[in-house]
Amino acid sequence: MFWRSLFSRPILWIFTLLGFAFNVLLLNAISSTVAPSLLIDHESGPAVDHIAFWAAGWLANHGDAAAAYDPAALAAVQSAGLGYDYLGVMPWFYPPLAQVLAQPFAYLSPAWSLIVWGALGLSIFTYAAWRILPDPLAVLMAVTFSAFAVLYNGQIGLFIAAIAGLCLLSYRRSGGGGGWLALLMLKPQTVFAIPLAMAFSGCWRPIVTACLAGAVLIAVSAAWLGVDVWLTFIGAFTGTVDFFLVDPARSDLWAKYASAYGVLLYNGAPIRAAGMAQAAVSLAVIAVATITLRRCGPTDAALAIIVYAAIIAAPRIFVYDLPLLAIGALFHARASIKRGWAWWEVPMFAVGLVLMETAFITAPQAAGLIAPAFLAATYLRHIDETTISRCN
């Protein structure tokens, strides 16, 4: 009774609206002081990640898409777009499919590109959240506690989370979702556990569809941008791995990784040891997701576990990937609403929301605790031996 009264809908509405207001004030303060965004006129300093999407799209629009993988060429375009000599470069490591997505936005100024990009990403994410759990409070909570860092940064996290959610929703309803699964090639390193869990559990229909759709997308993008863009992207892959997973000189990055790999490196572990530990963690959670799918099929609880597993399995997870965590939480909530909340699930969600809320201004690694906790809770609550007959 205590938890039911403490987490009643009116109190949750107040909590969420306060969080929303806090995020607005926080982003305004950060954008104008600590780390100026593309929306604030300034003459020096860093730029948010979206300038890389804008510059890559600009180069593609001007017939030189492959130059996006050349740091010098990319830096020159970024400096021209920002209006000052940007010391450094916001690198571009995404596949050419993401460059095609960025092209329309590059016809705008960097500031307007960020605004329209964020509005579109937020709209698609909100639509996916509503499709999963059509409840205004749940959708507002998902947006409030996961989307603001992405809106400030201009990253692709909202698109990826929405695509993953729609993919799993289609998979749950009809065993499909292959077309959506193919679109996850926009950022495969974050969600590779999803197709692996499907394949290992024998769910080949969406995998085959995704392979066919992916081949079509690659062929169309190669015809649109040029085959050389894909060859350049593949040739630059080693540098991408070095930049994000190997280079010890960039130890400042490890503090931003909400993964086992990042936590270990941040605390001084050797790269080989951290890599082996992450590999073991990834295999373990993919195995959990696979076993769950085999035992229960694509139930809401199983889909939540797959999303949580994807986050834990990825060695590189930032705060702007948190919308994917919110998608898992929405499936989790659907399952708990149907069967009733366990007394400990509600405070667990509350702690998770607070960690997501503060990850943007505190140690992002704290957010990495949420997915493992949610995965364990979902498995124990919904997929254990005593409740297997009711997992649907």
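Our subject in this report is the structure included herewith. If you're wondering where the values come from, they're calculated on a predicted model, not measured in any experiment. (Residues numbered from 1 in each chain as written. Predicted model: local features only at pLDDT ≥ 70, side-chain atom pairs only at ≥ 80, totals over all residues. Heavy atoms only, no water.)

The next subject is the overall build of the protein chain. When you go through the protein chain residue by residue, the secondary structure sums to 21 helices and zero strands. Put simply, the protein chain has 392 residues, and 53% of those count as buried. Surface exposure of the protein chain reaches about 16,800 Å², of which carbon and sulfur atoms provide 71%. (Helix = DSSP H or I, 4+ residues; strand = E, 2+ residues; numbered from the N terminus. Buried < 20%, exposed > 50% of the residue type's maximum accessible area, 1.4 Å probe, protein only. Areas by Shrake-Rupley, 256 points an atom, 1.4 Å probe, with all protein chains shown as cover.)

Ranked by size, the top nonpolar core spans 112 residues in total, and within it Trp 92, Ile 194 and Met 198 carry the most contacts. If one sorts the elements of this core by residue count, helix α18 (residues 300-313) sits on top with twelve residues. (Core = buried A, V, L, I, M, F, W, Y, C linked by side-chain atoms within 4.5 Å.)

All right, on to the packing of aromatic side chains then. As enumerated under the stated definition, the model contains eleven aromatic pairs in all. Consider the rings of Tyr 69 and Phe 233, whose centres lie 5.9 Å apart with planes at 50°: the pair is tilted. In this pair, Tyr 69 sits in the loop between α3 (50-61) and α4 (71-82) while Phe 233 sits in helix α14 (residues 227-235), placing the two residues 164 residues apart along the sequence. The class for Phe 233 is buried, based on a relative accessible area of 17%. Ring centres of Phe 318 and Tyr 320 lie 5.2 Å apart, and the angle between their planes is 80°; on these two criteria the pair is classed as edge-to-face. (Phe/Tyr/Trp six-rings, centres within 6.5 Å; stacked < 30°, edge-to-face > 60°.)

Now for the side chain of Arg 316. Mapping Arg 316 onto the fold places it in the loop between α18 and α19 (322-339). Despite its burial, Arg 316 remains without a salt bridge, the nearest opposite charge being carried by Asp 321 at 5.9 Å. Polar contacts involving the side chain of Arg 316 include one to the side chain of Tyr 320, which spans 3.2 Å. (Lys, Arg positive; Asp, Glu negative; His and termini not counted. Salt bridge = Lys/Arg side-chain N within 4 Å of Asp/Glu carboxyl O. Polar contact = N/O pair within 3.5 Å; in protein donor to acceptor, adjacent residues only side chain to side chain.)

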